[in-house]
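Chain and residue survey
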Amino acid sequence: MKKWCCLLGLILLVVSMVLLIRQFSTPQQDYGVFIGMEKKDLQQLTKSYQTMVLDATNLDKSDIKQLHSESQQIFAYLNVGALETSNSFYQDFKDLTFKPYDNWPDESWLDVTDSAWQDFLVHQLAQSLKDKGVDGLFLDNFDVYDHDHRPEVYTSLVQLLKEFQSMNLPVIINGGSTFVSQLVAEDPQLARQLIYAVNQESVFLAYVFDANKPVQQTAEAEDFYLDYLNNLSQTGIQVFLIEYGADSYQADKILKQCQELDYSLYLAPSILLDRE
């Protein structure tokens, strides 16, 4: 009996040491966004993340469970306001598209007021992601409200947020400053209830697609974003940022600013979000 107790104690000690070594050998990052990353690369991430965003389309429940061992929160990408030709359901909803998407030739803006689209988003796409075990949704293209400014669009977007809340799926809204600002102004308490966080791209660096590189953001745009994000923060909505292609000097400067503002930052090496 004493022999078995000693053996069990030794095994527990080895397991504890392995976990401890792994904890200190795997760098912990606050935030990572890998929407364009392949499954095999997601399975070989070199860092762990407090909050990670990914495209879970080709992942299953076991994949999410494995990724959860390295990340505390996993948010799954969901394109609310636009349709891509690569979507398996493209043919079903292509008649709802109304305008090409700048810089992304395979994508078009879509009429979010359509009840069939809303039902598909909630009961098919979002439910499937919930069943896979993700912690929340990363909602893209709420900027559709900038391109289709009808009151019905605003109402439809608010209703979608309420549906996701009823599913216990917290949301990070990517961009969508016009919509989010209106919701915060009209009902800050409701905004806090419906929006876990907002992600804003290119606050400090503007990405030039033709040149395939970032440049310094204009002072006017930077001031707008910082004022807008400060208002969200004061309202109680968390703030996440993505900056693309920063060099080491820019990265250090941006990181310090985000630490002072208490914003979570991901410095993306690629505009495609396909690399760590």
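Up top you'll find the structure we're talking about.
Now for a look at the structure at hand. The shown structure was predicted, so the numbers you read here are calculated from the model rather than taken from an experiment.

Cut-offs and rules
- Residues numbered from 1 in each chain as written.
- Predicted model: local features only at pLDDT ≥ 70, side-chain atom pairs only at ≥ 80, totals over all residues.
- Heavy atoms only, no water.
- Helix = DSSP H or I, 4+ residues; strand = E, 2+ residues; numbered from the N terminus.
- Buried < 20%, exposed > 50% of the residue type's maximum accessible area, 1.4 Å probe, protein only.
- Contact = heavy atoms within 4.5 Å.
- Phe/Tyr/Trp six-rings, centres within 6.5 Å; stacked < 30°, edge-to-face > 60°.
- Core = buried A, V, L, I, M, F, W, Y, C linked by side-chain atoms within 4.5 Å.
- Pairing = 2+ DSSP bridges.
- Axes fitted to C-alpha atoms, helices over the stretch in contact; angles between N-to-C directions.
- Salt bridge = Lys/Arg side-chain N within 4 Å of Asp/Glu carboxyl O.

Describing the overall build of the chain
- On a plain count of helices and strands, the chain comes out with 11 helices and 13 strands.
- Here the chain, with 276 residues, has 44% of them falling under the buried criterion.
- Contacts in the chain between residues at least 24 apart in sequence constitute 63% of all its contacts with a sequence separation of at least 6.

Section: the packing of aromatic side chains
- Considering all chains together, one arrives at 21 aromatic pairs under this definition.
- Geometrically, the ring pair formed by Phe34 and Tyr266 is edge-to-face, given 5.5 Å between the ring centres and 75° between the ring planes. Of this pair, Phe34 sits in strand β1 (residues 28-34) while Tyr266 sits in strand β13 (residues 264-268); the two residues are 232 residues apart in sequence, bridging distant segments of the chain.
- On the basis of relative accessibility, which here comes to 0%, the residue Phe34 falls in the buried class.

A look at the nonpolar core
- Formed by 88 residues in total, the largest nonpolar core has its most connected members in Trp117, Leu157, Leu161, Phe164 and Phe179.
- Each residue touching Phe164, except ones within four places of it in the same chain, is listed here: Leu78, Leu121, Val122, Ala126, Leu137, Leu139, Leu169 and Val171.

So, the sheet that holds strand β6 (residues 107-110)
- Strands sit in the order β4-β6-β5 across an open sheet of three strands; the sheet is antiparallel. Taken across any chain shown, the strands that pair with only one partner, and hence form the sheet edges, are β4 (82-84) and β5 (97-100). On average, each strand axis in the sheet is tilted by 40° relative to the strand beside it, whichever way the strands run.
- Summarising the sheet, β4 and β6 pair through three bridges and their orientation is antiparallel. Paired with Leu83 across the strands is Ser108, a residue of β6.

Section: unusual backbone geometry
- With a phi close to 55°, Asn212 is a non-glycine residue in the positive phi region.
- Among the structural elements, Asn212 can be located in the loop between β10 (205-208) and β11 (213-216).
- Judged by relative accessible area, which is 55%, Asn212 ranks as exposed.
- In this structure, Asp262 is a non-glycine residue whose phi angle is positive, near 65°.
- Inspection of the secondary structure assignment puts Asp262 in the loop between α11 (248-261) and β13.
- According to the relative accessible area criterion, Asp262 is exposed, its value standing at 69%.

Structural notes on the pattern of salt bridges
- A complete count under the given rule lists four salt bridges for this structure.
- A salt bridge links Asp111 to Arg150; the nearest nitrogen and oxygen atoms lie 3.2 Å apart. In this pair, Asp111 is assigned in the loop between β6 and α5 (115-132) and Arg150 in the loop between α6 (144-147) and α7 (151-166), connecting sequence segments 39 residues apart.
- Using a relative accessible area of 32% as the deciding quantity, one classes Arg150 as partly exposed.
- Ionic pairing is found between Asp148 and Arg150, a salt bridge with its closest N-O pair at 2.8 Å.

Remember, this is a structural readout, not a statement about activity or role.
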